[in-house]
Amino acid sequence: MGMAQKSQTLGWVTSILLLQMAIAERPRWTLNGKPRVFLDLSAYEIKIVKDFLMDKKELQLQSSETPTLGKNSVYLIEMLLPDKEDVLEFLDKGKRFPVREARVVIFFGAQEHPKVTEFAVGPLPTPIYMREISPGPGHNPSWASRPISKAEYRLIHSILIEAMKPLHQFLLDTTDYSLEDNVKDALTFTFMAPHGTKSDQRRSWFMLQRFMASHSLQPIGLEILLDHGSTDVQHWKVEQLWYNGKAYDSPEDLAQKYARGEVSITVLMESVAEDTEQPPVFSFSSDAEELPTSISMARPRVSVSHVPAYTIEDNMVFYRDWIFSFRLRPSSGLQLLNVHFQGVRIAYEVSVQEAVAHFGGHISAGTQTKYMDVGWGPDCATHQLVPGTDCPDTATFLEVIHHYDTDKPVSYPQALCLFEMPAGHHFNSNFREDFNSSAGTNGRKLVLRTISTVHHYDYIWDFMFYPNGVMKAKMHATGLIHATFYQPKEMRYVSQSQTHLFSNIHTHLVHYRIDLDVAGTKNSFQTLQIIWENINNSKKQRHPVLGNTLKKTYYSQEHQAAFHFGKPLPNYLIFSNLHTSHLGPRSRYHLQIHSKIHQVQLPGYQKKRGVSWTRYPLAVTEYQDDEKCSSSIYTQNNPWNPPVVFEDFIQNDTNIEDKDLVAWVTVGFRNIPRSEDSANMTTPKSSAGFVLQPINLPGF
């Protein structure tokens, strides 16, 4: 055996021994299946729940595929996380296993007054009851606020195709294609959201676009307003059209005026792609080690030569001094649970709550386009990761199983990946500078990743763990641009990327929930601000001497700890456990927020109750069982009066001294697309996130 082979064999043996030692040293609370309390529903459990519901004749449930809205159907089945107190009693004190339940969302469209109702179904694995629950404290979703189902999408498409028949010749003359052509998907409808301008509306603007040879979408200048609020498709109606700066009452109105030569047209004749396939959503960066890509091109494949120092049991990860559970919720996204470092719980939950893309513009495609992403569903959001491209070849790829707008459990075989890599490798140079400044990133790190593809762009979600107790969350956005047709007034809101194609200025905002349990559930929140102060210490000094000092501020009420955009955050955000632990008299974690949006407010949009969290870069509240999420799947279509309103979490102004605290963090960035972004946004600063770092400040 050569020296290289001996060295490699020795490395494998050492790694295996390290893993065996790590398993032997696991804390007692990880044994006997205890962490299974955080497991997502299995395919078997989902099927059992669905069968239980279908057997209830009084519900009159039908298949989700039935092509009508006037039906009762199951929309969502997912694991309902038990109350925190019950989980901690089980994990920390060995009390009984919390009742395992499923959260079920049912659309009741077959009754006189349609409604959306949520239920808890349990106990699993043999359910015997269903009880009504609410997605928000004391609020229920309206029928109009429900997400658009696949059945509704199909009905919308068929109605629009039928409605556009009078414009067959108009489309041929202006685009070289029509909706009746054999060229598959040469023209496509792109919808804007929210679907209306006030509560209980379901009136959507649809933009007609062409697939281009460059694998991009080009608006042709035609937009259609469809009222699809009724459960009876016969009552749906095209209310208005907009073309090239002018409004028309109907497709017939536009067709007649075009035939009379009264319509100013713009002819677009660039060919669609020869394969006529729908263009992919791109994820691209110059740093191949970490940013995923869906582009089919020759790129260096990423691999890791050593055996990683982590193990996975079900959905629980063991990595050096870290232990945590994870799940990918179909209703909101990636969630970490029961996060421990060196045997001490530092967070009960760290999770993605919502992602908003807010566009500017003059026409409806700009003024009304505000995407709230948790309402789009996992079939759009869950991205199958590619070994060697999205993640290293040697990464562990993880399956998730969802029941969302379907009749049976659906498997997403590579929805998550887990891998270890050198700590200094990042997918963005600007982001690397921000995060390396205080994290102490020598050695290696563990990365848990998923990618969500929502509408026309990708979000890359990473949680990273370092051997020194630092944990990071990072989001990166990329993908196809959101473009509008050229109008002179649009120049205030867009940048020109191609002829007749303009890319809208937009803002990405992401909300995180950090349920900090630093060495226990009794925590306090303080800040340190660096200020200039006279530090003369002698009467003999004739001139004042100024120097940096720290100003300490303690926060006792939720109102005090709700920081508004428009004012800078203090330098240091400290969460402390003032009680004695085995780590010392005081355990602290420092929260660092890394965002490209600091002091510029979003006045009009932030007034909407459904996105009130966008007013606060940071808010600290006391844990409440009915405040587990800051958004919901209903917010997209009713941001004016949704069942979950984050502002309400702060209004009760609870005391937060020595309490179970939750930090709500808003991060984001703005994007002004360039002509180079016509097919793919590759802005280097399109990332944001936060860092949790252990600290020890003597005398604080």
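Residues numbered from 1 in each chain as written. Predicted model: local features only at pLDDT ≥ 70, side-chain atom pairs only at ≥ 80, totals over all residues. Heavy atoms only, no water.

Within an unreviewed UniProt entry, the label attached to the protein chain reads Amine oxidase, and the organism entered is Rattus norvegicus. The UniProt entry for the protein chain carries this comment under Sequence similarities (unreviewed entry): "Belongs to the copper/topaquinone oxidase family." (UniProt positions renumbered as here; feature names shortened; annotations may be inferred.)

**A short note on the pattern of salt bridges**
In the structure shown here, the tally under the stated rule is 27 salt bridges. The closest approach of N and O atoms between Lys-95 and Glu-89, which form a salt bridge, is 2.9 Å. One salt bridge in this structure joins Glu-152 and Arg-146, with 3.6 Å as the shortest N-O distance. By relative accessible area, which is 1% here, Glu-152 ends up buried. (Salt bridge = Lys/Arg side-chain N within 4 Å of Asp/Glu carboxyl O. Buried < 20%, exposed > 50% of the residue type's maximum accessible area, 1.4 Å probe, protein only.)

**A short note on the side chain of Thr-190**
Considering the arrangement of structural elements, one finds Thr-190 in strand β5 (residues 187-191). On the basis of relative accessibility, which here comes to 10%, the residue Thr-190 falls in the buried class. Polar side-chain contacts of Thr-190 include one of 2.7 Å to the side chain of Gln-209. (Helix = DSSP H or I, 4+ residues; strand = E, 2+ residues; numbered from the N terminus. Polar contact = N/O pair within 3.5 Å; in protein donor to acceptor, adjacent residues only side chain to side chain.)

**Observations concerning the pairing of strand β17 (residues 410-422)**
Pairing of strand β16 (residues 396-404) with β17, which is carried by six bridges, proceeds in the antiparallel orientation. In the strand pairing of β17, His-402 is matched with Val-410. Connecting the antiparallel pair β16 and β17 is a turn made up of five residues, with Asp-405 showing a positive phi of about 55 degrees. The sheet contact formed by β17 and strand β18 (residues 444-454) spans seven bridges and is antiparallel. Bridge pairing in β18 places Leu-418 opposite Leu-448. (Pairing = 2+ DSSP bridges.)

**Observations concerning the nonpolar core**
Counting 67 residues, the largest nonpolar core has Leu-336, Phe-465, Tyr-512, Phe-525, Leu-591 and Leu-618 as the members making the most contacts within it. Of the residues forming this core, the biggest block, six residues, is contributed by strand β14 (residues 344-359). With near-sequence residues (within four places) excluded, Leu-618 lies in contact with Phe-525, Ala-561, Ala-562, Phe-563, Leu-569, Leu-573, Leu-591, Ile-593, Ala-663, Trp-664 and Val-665. One finds Ala-163, Ala-186, Leu-241 and Leu-268 within the second-largest nonpolar core, a separate group that totals 32 residues. (Core = buried A, V, L, I, M, F, W, Y, C linked by side-chain atoms within 4.5 Å. Contact = heavy atoms within 4.5 Å.)

**Concerning the packing of aromatic side chains**
Applying the stated criterion to the full structure yields 24 aromatic pairs. With a centroid separation of 5.0 Å and 85 degrees between ring planes, the pair formed by Phe-170 and Tyr-243 is classed as edge-to-face. Taken together, the residues Phe-170 in helix α5 (residues 168-175) and Tyr-243 in strand β8 (residues 237-243) connect sequence positions 73 residues apart. Comparing Phe-170 with Tyr-243 shows no difference in burial state: the two are buried. The interplanar angle of 80 degrees and the centroid separation of 6.5 Å between the aromatic rings of Trp-461 and Tyr-512 together place this pair among those described as edge-to-face. Note that Trp-461 is positioned in strand β19 (residues 457-465) and Tyr-512 in strand β24 (residues 506-516), a separation of 51 residues in sequence. Each of the two residues, Trp-461 as well as Tyr-512, counts as buried. Site record: aromatic cluster; members linked through ring pairs are Tyr-75, Phe-107, Trp-143 and Tyr-404. The ring of Tyr-623 has Lys-84 lying over it, and the distance from NZ or CZ to the ring centre is 4.9 Å. Above the face of the Trp-143 ring, Arg-146 is positioned so that its terminal group lies 4.0 Å from the ring centre. (Phe/Tyr/Trp six-rings, centres within 6.5 Å; stacked < 30°, edge-to-face > 60°. Lys NZ or Arg CZ within 6 Å of the ring centre and 35° of its normal.)

**Quick word on the sheet that holds strand β6 (residues 203-211)**
The five strands lie next to each other as β5-β6-β7-β8-β9, forming an open sheet whose pairing is antiparallel. On the outer flanks of this sheet lie β5 and β9 (246-248), each paired with one strand and no other. On average, adjacent strands in this sheet sit at an angle of 30 degrees to one another, irrespective of strand direction. Both β5 and β6 contribute to a ladder of five bridges, which runs antiparallel. Its bridge partner being in β6, Phe-191 is matched across the sheet by Phe-206. Packed on one face of the sheet, α5 meets β5, β6, β7 (217-227) and β8 and runs near 160 degrees to β7. Strand contacts of helix α6 (residues 251-259): β7, β8 and β9, with the helix running at about 40 degrees to β8, the strand carrying the most contacts. (Axes fitted to C-alpha atoms, helices over the stretch in contact; angles between N-to-C directions.)

**A closer look at the UniProt feature "modified residue: 2',4',5'-topaquinone" (unreviewed entry) in the protein chain**
Mapped onto the present numbering, the UniProt feature "modified residue: 2',4',5'-topaquinone" (unreviewed entry) falls on Tyr-457. Mapped onto the fold, Tyr-457 is located in strand β19. For Tyr-457, a relative accessible area of 1% translates into the label buried.

**Points about a nonpolar patch on the surface**
On the surface, Ile-530, Leu-550 and Tyr-572 cluster together to form a nonpolar patch covering roughly 260 Å² of accessible area. When you line up the elements, Leu-550 lands in strand β26 (residues 546-555). (Patch = residues over 30% accessible without salt bridge, like charges linked within 9 Å, V, L, I, M, F, W, Y side chains within 5 Å. Areas by Shrake-Rupley, 256 points an atom, 1.4 Å probe, with all protein chains shown as cover.)

**Section: the environment of His-168**
Note on placement: His-168 falls in helix α5. Classification of His-168 by relative accessible area gives partly exposed; the value is 25%. In the structure, His-168 is positioned 12 residues away from Glu-180 in sequence and 7.5 Å away in space, judged by C-alpha atoms. With sequence-adjacent residues up to four places away left out, His-168 is seen in contact with Ser-178 and Glu-180.

**Quick word on the environment of Ser-612**
Following the sequence through the fold, Ser-612 ends up in the loop between α10 (603-606) and β30 (618-622). The exposure class assigned to Ser-612 is buried, which follows from its relative accessible area of 1%. With 19 residues separating them along the chain, Ser-612 and Ser-631 place their C-alpha atoms 9.6 Å apart.

**Observations regarding the state of the cysteines**
Within the structure shown, the criterion is met by one disulfide. Disulfide partner of Cys-391: Cys-417, at an S-S distance of 2.0 Å. With the S-S bond torsion at -75 degrees, the cross-link from Cys-391 to Cys-417 turns out left-handed. Of this pair, Cys-391 sits in the loop between α8 (378-381) and β16 while Cys-417 sits in strand β17, and the two are 26 residues apart along the sequence. Judged on exposure class, the residue Cys-391 and its partner Cys-417 are both buried. (Disulfide = S-S within 2.5 Å.)

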